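Structure assessment
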Amino acid sequence: YQWYADTANTISFYSMGINQSATGTDKCNAIINCHLATGRIGKIGAGPFSITGQPNAMGGREVGGLANILAAHMDYSSDNVDLVSEFWQSNSVNTTPGLKAVDLFDAVATGEIKAIWIMGTNPVVSMPNADKVKAALENCDTVIVSDCVEETDTTATANILLPATGWGEKSGTVTNSERRISRQRSLEPAAGQAKDDWWILTSVAKKMGFDTSFSYQTAKDIFVEHAKLSGFKNNGSRFFNISGLANLSEQEYDLLKPIQWPVKDQSSNGVVRLFEDGIFNTDNGKANFISVKAALPNSKLNRLWLNTGRLRDQWHTMTRTARAPRLLDHSDQPFASLNPATAKQLDIQQDQLIQLSSKYGNALVIANIDSDIETAQVFAPIHWNDQFSGNARIDSLVAPITDPISGQPELKYTPIDITAIAAPKWASILTRRKINCDSFIYWSCSSLVQNSGYLYHVALEEDFDWQQYISANTSTTIAYDHFSNPLVGDERFICNNNQQLEMAIYCHRDKRQLPQRTWLKGLFEKSLLGTTHWSMLTGEEYQLRSTSKHICSCFKVSEDAIIKAINNGASTQQALGNELKCGTNCGSCIPELNELIRQHKNFEAA
């Protein structure tokens, strides 16, 4: 607090921990109040700054991409409804806000909504109380899904599936958090039958008889209409105004340079900073404090509470990032992190299979003991889903409690219980194609080679019959070599077809005895001629265990290499970067580098 008080140039960066709360709006207003009270807004190096969860969150709000706002930053006041109705020459604009996300799927569940069109999102994974959302969509009369990925948990519920373009195929504009509009140009043509979302919507509207209102031919046509609406009867009370861009030609649109709104004149270079003149978009031009009241979460705490979030190398529900093998070299299984004291109290060990459960659902994940987690908290990433694991949709546990104003779910605080699940054996399965996992206690799957190789981590019963499983899940031309040590439950199979590796299985009672992902990835590159497959099966014990996970994904630097460098004297993050390059590109591995330095530098000193 003293630091804030003593520093004139103060920016408050805040992210999902503030927003994803039943009192998220109050928290945001409290931050803004602090900046207003100290005059730290509208100045260089000062202001509240929300780090949003989506790269075009600002752009989505500008065009009315929320249920409680109209286009061009207008709310549902009667004046704004009349203004939009006049501009669009329509007498059927809604006069009240629509249903926010949680309420929307409640309406689907009750049958109030009988048709729903889902575009570019995966609510069966990302919504709270996700099992209810899944059931609601499965029972809905008509579910239309537009996506650039065919197989997601949500597309599985679709009656109509529409192929949409992905990010690199799109052409249009995006707006970042400093209000800067940038022209995004497609990197490559659309694949297959994929079409842009605007084209799909326009085509459907025309089939419904709205040809005149949806006569767009290009993305530019939509942008200039958007710009015209922003300036329509705008007397200055609406800050969002890009009417200076309303007359762009196709060529001018294609060549549009990044610019910060408002842009009121075609020759304008935009506005770098709002509120420099101390005038705000309120009735009296003055900023208004909003009274807030601190409140604890609505859910009553039993013993543990679930905090959900994201990992550095994954994006939301993994529909695309899970297809990039390199992004899974750091973490390729669903997990939950808990404090060592909590783990000891529950008699849970590192890498043990555990079940997280709440009144809304449950999930099977791997235990990760982490001293950075506080004792009452359990952290679990949201990414895994039914495409990549048997039962790991974390948001199926989360309570559908929302902020009364924003409708934002309280994704950071759900009371849960943890139970250890017996897993007599563990196995890592390397395979050319996806396999049936119905007979396993637990499974997770990740890509190893783009579209042509997968790694499964599975838990299974003591008496599991691998030979029968191989026969049932591979072709008749498969041959295999087998190693077994019944004393420790160690079994290994190398399955080949015409000297090509088709499947490799490593099974053991102790999960820690299984080979690392980075070693397994190399097996597909090896020839099975001669005796190589026997060395895979029994001879390379040291290599099996010594190839650790990648800490730095950018330069593929392993944990073993980093620890070795630390032990040899590279005792700072900069020194590690100079020697191994780790931490010198995107920087997301720096916290782990510092933790490894702390652990092993102290160990060396001891």
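Residues numbered from 1 in each chain as written. Predicted model: local features only at pLDDT ≥ 70, side-chain atom pairs only at ≥ 80, totals over all residues. Heavy atoms only, no water.

This next bit is on the packing of helix α6 (residues 101–110) against helix α8 (residues 130–139). Where α6 meets α8, the closest approach of the two axes is 8 Å, and the angle between their N-to-C directions is 45°. On the basis of the axis angle, α6 is oblique to α8. Considering the relative orientation of α6 and α8, their crossing is left-handed. Of α8, the residues touching α6 (which contributes Phe-105, Asp-106, Val-108 and Ala-109) are Lys-132, Val-133, Ala-136 and Leu-137. Broken down by class, the residue content of the contact of α6 with α8 amounts to six nonpolar, no polar and two charged. (Axes fitted to C-alpha atoms, helices over the stretch in contact; angles between N-to-C directions. Helix = DSSP H or I, 4+ residues; strand = E, 2+ residues; numbered from the N terminus. Parallel < 35°, antiparallel > 145°, perpendicular 65-115°, else oblique. Left-handed = near helix turned anticlockwise from the far one by under 90°. Contact = heavy atoms within 4.5 Å. Nonpolar A, V, L, I, M, F, W, Y, C, P; charged D, E, K, R; others polar.)

Along helix α5 (residues 78–88), the positions that sit buried rather than exposed are Asn-80, Val-81, Leu-83, Val-84, Ser-85 and Phe-87. On its buried face, α5 sits against α10 (219–231). Gln-89 lies just past α5 and shows a positive phi near 55°. (Buried < 20%, exposed > 50% of the residue type's maximum accessible area, 1.4 Å probe, protein only.)

Take the pattern of salt bridges next. All chains considered together, the criterion is met by 22 salt bridges. Between Arg-393 and Asp-153 there is a salt bridge, and its shortest N-O distance comes to 3.9 Å. Residue Arg-393 is found in the loop between β13 (377–381) and β14 (414–420), and its partner Asp-153 is found in the loop between β4 (142–147) and β5 (160–163); the two are separated by 240 residues along the sequence. In this pair, the class of Arg-393 matches that of Asp-153, namely buried. A salt bridge links Glu-178 to Arg-180; the shortest N-O distance between them is 2.7 Å. Look at Glu-178 and you get partly exposed, because its relative accessible area is 34%. (Salt bridge = Lys/Arg side-chain N within 4 Å of Asp/Glu carboxyl O.)

Inspection of the entire model under this criterion finds two cavities of 30 Å³ or more. Lining the second largest cavity we find Leu-311, Arg-312, Asp-313, Gln-314, Leu-327, His-330 and Ser-331. Across the lining of the second largest cavity, the residue classes break down as two nonpolar, three polar and two charged. (1 Å grid on protein atoms, 1.4 Å probe; cavity = no way out; pocket = protein on both sides within 12 Å on 5 of 7 lines; lining within 4 Å. Points joined across faces, edges and corners; volume = space filled by probe spheres on them.)

In most cases, non-glycine residues show a negative phi, while peptide bonds are predominantly trans. Trp-261 connects to Pro-262 through a cis peptide bond whose omega is 5°. Relative to the helices and strands, Pro-262 is located in the loop between β8 (259–260) and β9 (304–309). Unusually for a residue other than glycine, Gln-89 sits at a positive phi of about 55°. One can find Gln-89 in the loop between α5 and α6.

With that settled, consider the sheet that holds strand β11 (residues 353–357). Taking strand neighbours around the barrel as the criterion, the six strands line up as β9-β13-β10-β12-β11-β14 in a closed arrangement whose pairing is mixed. Pairs of neighbouring strands in the sheet enclose a mean axial angle of 45°, with direction left out of account. In the sheet, β9 pairs with β14 via three bridges, with the strands oriented antiparallel. Each bridged residue has a counterpart across the sheet, and for Leu-306 the counterpart in β14 is Thr-414. (Pairing = 2+ DSSP bridges.)

Right, let's get into the pairing of strand β20 (residues 500–508). β20 sits mainly inside the fold: eight of its nine residues count as buried. Relative to β20, strand β15 (residues 425–431) is paired through six bridges, and the arrangement is antiparallel. Bridge pairing in β20 links Thr-431 to Met-503. Relative to β20, strand β19 (residues 490–497) runs antiparallel, the two sharing seven bridges. Among the inter-strand pairings, Phe-493 is bridged to a residue of β20, identified as Ile-505. Connecting β19 to the next strand, β20, in antiparallel fashion are two residues, including Asn-498 with a positive phi near 55°.

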